[in-house]
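# Survey of secondary and tertiary structure
In case you want the letters, here they are:
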Amino acid sequence: MTPSSSYFSTEPEPDISRVFLLTRLLCDNDATDDGCVNNKGNETNSEGRTTVTSNMTAGTTYTSSTPSLGWGSELKQSASSSTATTRTPAASSSSLSSITDHTTYPLIRQNDRVYLRDPENPYPLPCDLPEIHRQTLRSLMLLRVFGAPFCNPQFSKAPPKRVLDLGCGSGLWSSMCHEYFAKKGHHDISFTGLDIVSLAPDLRRQGVNWQFKHHDLRKSRLPFPDGYFDFVFMKDLGMCSFGSSNHESPLSEPLRVLKSGGILEVWDSDLVFRTLLPNPAPAPGLSSKDQEVADATATYTFSSATPFATPQNKYLQDYNSWVQKAFDERKLTAMPCATIGLSFTSEMDVFKSVDSRRIAIPLGEVRWERETPTKNTGTSRRALSEDQLALRQTALQTVIQMIESMEPLLMEASGKGRDEWDRWWAAMQGDLLQKGSLASGECLEVSAWWGQKR
Ligand SMILES: C[S@@+](CC[C@H](N)C(=O)[O-])C[C@H]1O[C@@H](n2cnc3c(N)ncnc32)[C@H](O)[C@@H]1O
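- An unreviewed UniProt entry annotates the protein chain as Methyltransferase domain-containing protein originating from Paecilomyces lecythidis.

Following this line, the structure appears as structure tokens:
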């Protein structure tokens, strides 16, 4: 059933070409020698590079405001109260209001990348085609390691009718989920994607019953009535802020719009990297089907009791310390996989049942896999198949590209100047792509959490 128009805007939603047009407009308005922004308060350094994190206008004073927080906000509130950087312009004038009109001009070009322009939005990734490609690769890889577009078992018998894809980005997940159900003969499921920017194409052209809702998750309420959806899916939103209050759980609004008996499922990936110690025991209670997927993909299911060590790779150590610092400053967590669990626990009275799956994907061929057979099934993973190796290379590629995507933030946290950063970047890339440099077991950790609402 198509959602009634009272809940959904009838405004024409721009597709990606409009996003780039907006960027172009923004850049043309403020063209400098390098063809991009700059007298609207963003600094251009001697090389013509734009810095968005600085104060937007000389003479504008900033007051601290209540930050809206993402995963693990409860943790971060106490951990980093001294580093709050959220700023709100205190002055107001017509020129200032156009500067702060992030709805009309939501994007900013910085070097060769396009980012969200609102300095109060801590989301650190670009909103451009290279990033969409990276997220697409990550989504396809996750679909392989989780075995389906969702992990909850409830929809195997009765599919959902209305699905909400929060922070939908390119809409790829909705499109894949539509196909998954369509192959099983279920064609009448409606999908609603919500995002702060319209990056998704019109999926209706691909036969998806699709609506896009432009919305900022930092607002206190989602633009849907109580109990409207029977499946709410959130993927890779660990870097987004939710709600307008410090104390609000990122799950409270998604749960409000979910009907009784509906499913909330959250997938995320950690931003820091750890080393998986040899031959981890599989997660307790793993079904034989999930074990089969883990074996087929040469990935490792794990639990909170599974031991990890700090990465041995020097470049991942550098990166870990910078991303941790930068995320602390933005009141974000660099380990959303652990903190999603806390968010589910804090809503325990709303859920009938909660479950999770955590998976470590090694970023390369691991020394101890060749030396000893795995305890998972007793079968050795000594020789990886081409597919298994390709999956690990894909994971590594999405990690390297993510580091590239977060360049402005990491460069600032590292304290490096442009030349020094470029040297580090080239050395890091060369090292990580070299055979054997991640043989200790450095992993990408991903997780899925799901719960059924009472
Ligand atoms: C890492 S992407 C994930 C996209 C998609 N879920 C996927 O997995 O491919 C995060 C998305 O959150 C969106 N986003 C960031 N801040 C937001 C906000 N305050 N409100 C709504 N969406 C936001 C970004 O535009 C981006 O599309």
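### Overview of the nonpolar core
- Core analysis: the largest hydrophobic core is formed by 89 residues, its most contacted members being Val163, Val232, Phe233, Val323, Ile361 and Leu410.
- Of the residues forming this core, the biggest block, seven residues, is contributed by helix H8 (residues 314-329).
- Both domains that furnish three or more residues to this core are identified here as domain 1 (15-123) and domain 2 (130-453).
- Excluding anything up to four places from it in sequence, Val232 contacts Leu164, Leu166, Pro254, Val257, Leu258 and Leu264.

### Here's the deal with the environment of Val323
- Tracing the chain through its elements places Val323 in helix H8.
- C-beta crowding within 10 Å serves as the criterion here: with 23 such atoms nearby, Val323 is assigned to the buried category.
- Excluding residues within four positions of it along the chain, Val323 makes contact with Leu271, Val272, Ala334 and Leu410.

### Points about the site of the ligand
- Within the structure, the ligand sits among 24 residues, and Gly167, Gly169, Ile196, Leu217 and Lys235 are positioned closest to it.
- Of all the elements in the fold, those that place two or more residues in the shell around the ligand are helix H4 (129-146) and helix H5 (172-183).
- Per-class residue counts for the shell around the ligand are twelve nonpolar, seven polar and five charged.

### Regarding the confidence of the model for the protein chain
- Residues at a pLDDT of 70 or more form 75% of the protein chain, whose mean pLDDT is 81.
- A low-confidence stretch, residues 1-70 stays under pLDDT 50, and its non-local contacts, those more than four residues away or across chains, total 134 contacts.
- Here residues 72-95 is modelled with pLDDT under 50, and outside its nearest four sequence neighbours on either side it reaches 45 contacts, counting other chains as well.

### Some thoughts on the packing of H8 against helix H12 (residues 407-414)
- H12 packs onto H8 with a crossing angle of 100° between their chain directions and a minimal axis gap of 8 Å. In terms of orientation, H8 and H12 fall into the roughly perpendicular class. Residue-level inspection shows Tyr319, Trp322, Val323, Lys325 and Ala326 of H8 in contact with H12, the latter providing Leu409, Leu410, Glu412, Ala413 and Ser414.
- Tallied by class, residues from the contact of H8 with H12 come to seven nonpolar, one polar and two charged.

### Brief notes about helix H9 (residues 336-346)
- Those residues of H9 not exposed but buried are Pro336, Cys337, Thr339, Ile340, Ser343 and Phe344. Viewed end-on, H9 has its buried residues packed into an arc of 165°, placing them on one side of the element.

### Re the pairing of strand S5 (residues 107-110)
- Burial of the side chains of S5 extends over both faces: Leu107 and Arg109 are buried on one face and Ile108 and Gln110 on the other.
- Between the end of S5 and the start of strand S6 (residues 113-116), which pair antiparallel, lie two residues, with Asn111 showing a positive phi angle near 55°.

### A word on the pairing of strand S15 (residues 351-362)
- Pairing analysis gives three bridges linking strand S13 (residues 300-302) to S15, with the strands arranged antiparallel. If you follow Tyr300 over to S15, its bridge partner there is Ala360.
- Sheet topology note: the S15/strand S16 (residues 442-453) ladder contains eleven bridges and is antiparallel. Each residue of the ladder has a partner; that of Asp355, found in S16, is Trp450.

Each value, and the rule that gives it
- Residues numbered from 1 in each chain as written.
- Predicted model: local features only at pLDDT ≥ 70, side-chain atom pairs only at ≥ 80, totals over all residues.
- Core = buried A, V, L, I, M, F, W, Y, C linked by C-beta atoms within 7 Å.
- Buried ≥ 20, exposed ≤ 12 C-beta atoms within 10 Å, placed from the backbone.
- Helix = DSSP H or I, 4+ residues; strand = E, 2+ residues; numbered from the N terminus.
- Domains from an automatic or database assignment.
- Contact = placed C-beta atoms within 7 Å.
- Near = placed C-beta within 6 Å.
- Nonpolar A, V, L, I, M, F, W, Y, C, P; charged D, E, K, R; others polar.
- pLDDT = per-residue confidence, 0-100.
- Axes fitted to C-alpha atoms, helices over the stretch in contact; angles between N-to-C directions.
- Parallel < 35°, antiparallel > 145°, perpendicular 65-115°, else oblique.
- Arc of directions from axis to C-beta.
- Pairing = 2+ DSSP bridges.

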